[in-house]
Amino acid sequence: AEAAIRDGRLSRLQLVRSLEFSTERPRMRCCQPPAARHCRRTATAALRPLLRSCTTKARLKASLNLPKTSFSLHAKVAETEPRLARQLAVDHYERQAAQRGGADAFVLHDGPPYANGDLHMGHFLNKALKDIINRAALLAGHRVHFRPGWDCHGLPIEMKAIQAGEAESLSPLALRARAAECAREAVAAQRESFVRWGVLGDWEAPYTTMAPEYEAAQLGVLQAMLRRGLLFRGERPVHWSPASRTALAEAELEYADRHVSTAAHVAFPLLEGPPAAAAAADFDPFDGGSALEGAAVVVWTTTPWTIPANQAVCVREDLTYAVVEASDVQPSQLPSEPALPAAAEVEERVRAQGEVVRAAKAALKEGRGSKAEVEAGVAALLRLKSELQSGKPELQPGDSPPNLNASPLPHGARLVVAASLVDALSEAVGTPLVVAATLPGAALIGRHCAHPLSARPVPVLHAEHVTDDAGTGLVHTAPGHGPEDFAVGVAHGLAAACPVDEKGCFTAATEEAAGFAGESVLDDGNEAVLTALREGGSLLAAARHEHRYPYDWRSKTPVIFRTTPQWFVRLGDLRGEALAALHAVEMRPPAGRARLEAFVRGRTEWCLSRQRSWGVPLPAFYHVETGEALLTEETVEHVASLVSTHGSDCWWRLSEAELLPPRMRHEAASWRKGGDTLDVWFDSGASWAAVLSPDRCPPADLYLEGSDQHRGWFQSSLLTYAGAGGGRGGGGGGAGGGGGGGGGGRG
């Protein structure tokens with residue numbers, strides 16, 4: 001065999017197979033004689049070294065015709081997943097864009113998530129749904145256009161950029177540099193995560209609202225709206241966040257259903273009225289005089305801090321009012337300041353409740369108690385600790401809290417209240433009230449009453465928003481602190497007094513507010529007003545009241561109405577155009593149409609200006625002597641051209657002479673540039689102009705976001721599109737609603 005192998009007449013493999021066959025054959029022959037079997041065993045033992053040399057693994061493997069592959073035996077996820085994810089997200093998108101240049105485009109316009117913080121399940125649901133739709137469009141033969149974006153301006157990024165204690169020392173440019181870096185870092189981190197998720201898109205060229213070309217396109221939309229006369233500057237009560245020190249749009253609010261305020265019944269003594277008003281009263285006089293003589297009208301308000309800005313009391317002319325008298329009661333029955341539990345007593349209750357909680361936990365561990373008992377005990381313990389820290393009992397749902405710090409109501413005191421609310425007022429003040437006379441609201445109109453803090457005469461006026469559903473049927477009116485009050489003030493020429501600064505603290509802007517200057521209207525200032533009313537004998541009742549109240553959606557703090565000069569979009573005529581544009585849009589689910597239309601119909605104005613540094617500048621100039629505002633198509637166009645080249649930082653970096661159009665540079669000394677920025681919803685709402693421009697892609701086939709965007713991005717996109725004159729004249733593609741989840745990370 002060895003000689004045959006050397007001569008090439010026999011291969012080692014042939015030898016091995018021959019020997020293996022020959023050594024196995026005897027086992028299949030049961031009749032083989034023992035001598036033969038012994039001979040074969042001897043031969044096999046002699047040939048075993050040769051067999052081992054011929055049957056090594058490498059020799060056998062080389063003799064087999066096996067497939068060859070580079071596929072790794074081990075997964076190596078840490079190395080493989082990023083590569084495959086990039087192929088799915090980036091390479092596939094680029095390949096389909098190159099190979100399907102002539103195919104029909106499918107455009108899903110991405111609502112920009114906020115460039116702040118880490119991604120969450122809302123982002124995942126949003127992008128996963130969009131990816132499913134885009135890949136289905138690919139399977140249908142379309143060329144997919146999906147350019148991801150980020151919303152990079154706004155208060156949260158600005159607040160993140162401001163270090164503790166440095167807010168006042170940072171210049172606008174320094175703050176903007178920090179904010180831009182925060183936004184870039186967030187965009188890079190979120191982009192990496194989106195790619196790792198394998199979401200198909202143009203990740204090599206996403207859009208951001210802080211890119212110079214985007215900001216310039218946004219100013220172009222502003223210019224188009226200005227051309228149509230939709231922008232104006234005026235003083236209006238706007239939602240104001242004392243924590244953020246800026247005006248807020250409706251879409252930037254969230255409502256707390258269980259906010260607790262101190263609601264107050266306040267008396268405004270009636271002054272001697274004109275004869276015409278007295279003659280109009282259809283009621284029986286007694287003691288030879290009018291039933292209104294010496295009476296006081298009673299208002300009810302959940303914002304006592306607005307009393308210093310009061311300019312009128314409103315009634316409704318077709319309501320029936322009653323003049324009531326306080327009946328004779330014993331001093332013990334008079335409302336008084338409730339006695340609060342002593343600290344030692346509360347501490348003892350805390351210790352006792354702690355024992356109850358420990359016993360409940362022990363019983364639960366032994367199988368005798370329930371988890372609900374433990375949770376109830378812990379909740380009661382926390383309430384007692386809160387009471388101990390604040391010194392005040394905590395208001396619980398359904399509680400009927402006592403009359404807090406009210407002025408005693410003397411026997412015979414006359415009050416005016418809606419006839420249907422006499423019992424409610426009697427319960428509030430804790431005194432039986434007897435109806436002495438009734439009169440129509442028209443009999444009160446034209447009279448005056450004394451301001452409870454200064455005795456300044458304030459008129460009694462008619463207003464349509466007055467009802468007798470709650471309160472007293474008479475409404476305290478401060479035009480500087482509410483839209484309905486402001487409308488009454490405009491109709492009757494009342495001053496829109498607003499003695500509150502940007503921090504939410506009182507100023508000396510009115511005589512009545514001067515004594516509270518520097519105090520927060522949402523805290524000590526409110527208590528100070530109640531104290532002054534009580535000392536003046538005008539506070540009839542005060543109690544904690546649980547109700548729905550607006551909060552700043554970013555700082556999670558209460559907001560106030562504050563009248564300040566702002567820039568607005570006039571939505572009166574624009575609403576019809578916006579609603580008409582929706583006729584060509586398919587909404588899924590169909591209920592989304594009614595929701596969006598309701599939001600659009602409910603708005604009359606859009607406050608565009610924000611008192612922040614991080615954002616696209618609102619390019620208005622103001623005369624240094626008269627304060628006259630300058631915002632024209634020419635000035636906006638010039639600033640937009642500078643922004644497209646240098647970015648929006650140029651508004652803070654360049655002088656007025658450089659920012660004004662060339663023909664006005666000689667007037668630069670007479671003008672100063674403003675410091676306001678545009679609402680971030682205007683930023684993202686103008687994305688159709690910056691991303692869906694004719695030189696980039698066809699109109700969008702789909703907008704897909706969460707249903708919260710009916711009051712956010714869907715609405716701002718629709719209003720900017722309609723305000724700019726319909727963009728390119730087409731209705732664009734369909735707008736999907738209610739499917740995104742997380743609002744693209746906004747909500």
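Residues numbered from 1 in each chain as written. Predicted model: local features only at pLDDT ≥ 70, side-chain atom pairs only at ≥ 80, totals over all residues. Heavy atoms only, no water.

Draft legend 1. Examining the overall build of the protein chain more closely. The helix and strand tally for the protein chain stands at 23 helices and 25 strands. Of all 747 residues assigned to the protein chain, the portion counted as buried reaches 47%. Sequence-distant contacts, at least 24 apart, represent 81% of the contacts inside the protein chain between residues at least 6 apart. On the protein chain, roughly 35800 Å² of surface is accessible, and the fraction owed to carbon and sulfur atoms is 54%. (Helix = DSSP H or I, 4+ residues; strand = E, 2+ residues; numbered from the N terminus. Buried < 20%, exposed > 50% of the residue type's maximum accessible area, 1.4 Å probe, protein only. Contact = heavy atoms within 4.5 Å. Areas by Shrake-Rupley, 256 points an atom, 1.4 Å probe, with all protein chains shown as cover.)

Draft legend 2. Highlighting the nonpolar core. Of all hydrophobic cores here, the largest spans 69 residues; its most connected members are Phe-268, Val-297, Tyr-321, Val-416, Leu-444, Cys-449 and Phe-506. Top contributing element to this core by residue count: strand E16 (residues 539–552), with six residues. Residues within four places of Leu-444 in sequence aside, it is in contact with Leu-292, Val-315, Tyr-321, Val-416, Leu-439 and Val-460. Formed by 65 residues, the second largest nonpolar core is a distinct cluster that contains Met-587, Ala-640, Cys-650 and Cys-697. (Core = buried A, V, L, I, M, F, W, Y, C linked by side-chain atoms within 4.5 Å.)

Draft legend 3. Here's a closer look at unusual backbone geometry. In this model, Arg-588 is joined to Pro-589 through a cis peptide bond whose omega is -5°. Inspection of the secondary structure puts Pro-589 in the loop between helix H16 (574–581) and helix H17 (591–601). Of note, Lys-76 is a non-glycine position whose phi angle comes to about 50°, a positive value. Secondary-structure assignment places Lys-76 in the loop between helix H4 (57–62) and helix H5 (77–99). Relative accessible area serves as the criterion here: at 46%, Lys-76 is assigned to the partly exposed category. Positive phi is not limited to glycine here, since Ala-455 has a value of about 65°. Within the fold, Ala-455 resides in the loop between strand E13 (448–450) and strand E14 (457–462).

Draft legend 4. Structural view of the pairing of strand E9 (residues 312–315). Residues Ala-312 and Cys-314 line one face of E9 and the alternating positions Val-313 and Val-315 line the opposite face, and both faces are buried. As paired elements, E9 and strand E15 (residues 475–477) share three bridges and run antiparallel to each other. When the bridges of E15 are listed, Ala-312 appears paired with Thr-477. (Pairing = 2+ DSSP bridges.)

Draft legend 5. Spotlight on a nonpolar patch on the surface. A contiguous nonpolar patch, built from Met-121, Phe-124 and Trp-197 and spanning about 320 Å² of accessible area, is present on the exposed surface. Within the element layout of this structure, Trp-197 appears in the loop between helix H8 (172–196) and strand E4 (207–208). (Patch = residues over 30% accessible without salt bridge, like charges linked within 9 Å, V, L, I, M, F, W, Y side chains within 5 Å. Salt bridge = Lys/Arg side-chain N within 4 Å of Asp/Glu carboxyl O.)

Draft legend 6. Just the pattern of salt bridges, in detail. Here the structure, examined in full by the defined rule, presents 22 salt bridges. Of the charged contacts in the structure, one is a salt bridge between Arg-196 and Glu-81, with a shortest N-O distance of 3.1 Å. Within this pair, whereas Arg-196 is found in helix H8, its partner Glu-81 is found in helix H5, the two being separated by 115 residues in sequence. Of the residues examined, Arg-196 reaches a relative accessible area of 38% and is grouped as partly exposed. Residue Glu-81 is classed as partly exposed on the basis of its relative accessible area of 35%. A salt bridge links Arg-184 to Glu-181; the shortest N-O distance between them is 3.1 Å. Here Arg-184 pairs with Glu-181, and both are found in helix H8, just three residues apart, close to one helical turn. Arg-184 sits in the partly exposed class, given a relative accessible area of 45%. Where salt bridges share partners, they join Asp-110, Lys-127, Lys-130 and Glu-705 into one cluster.

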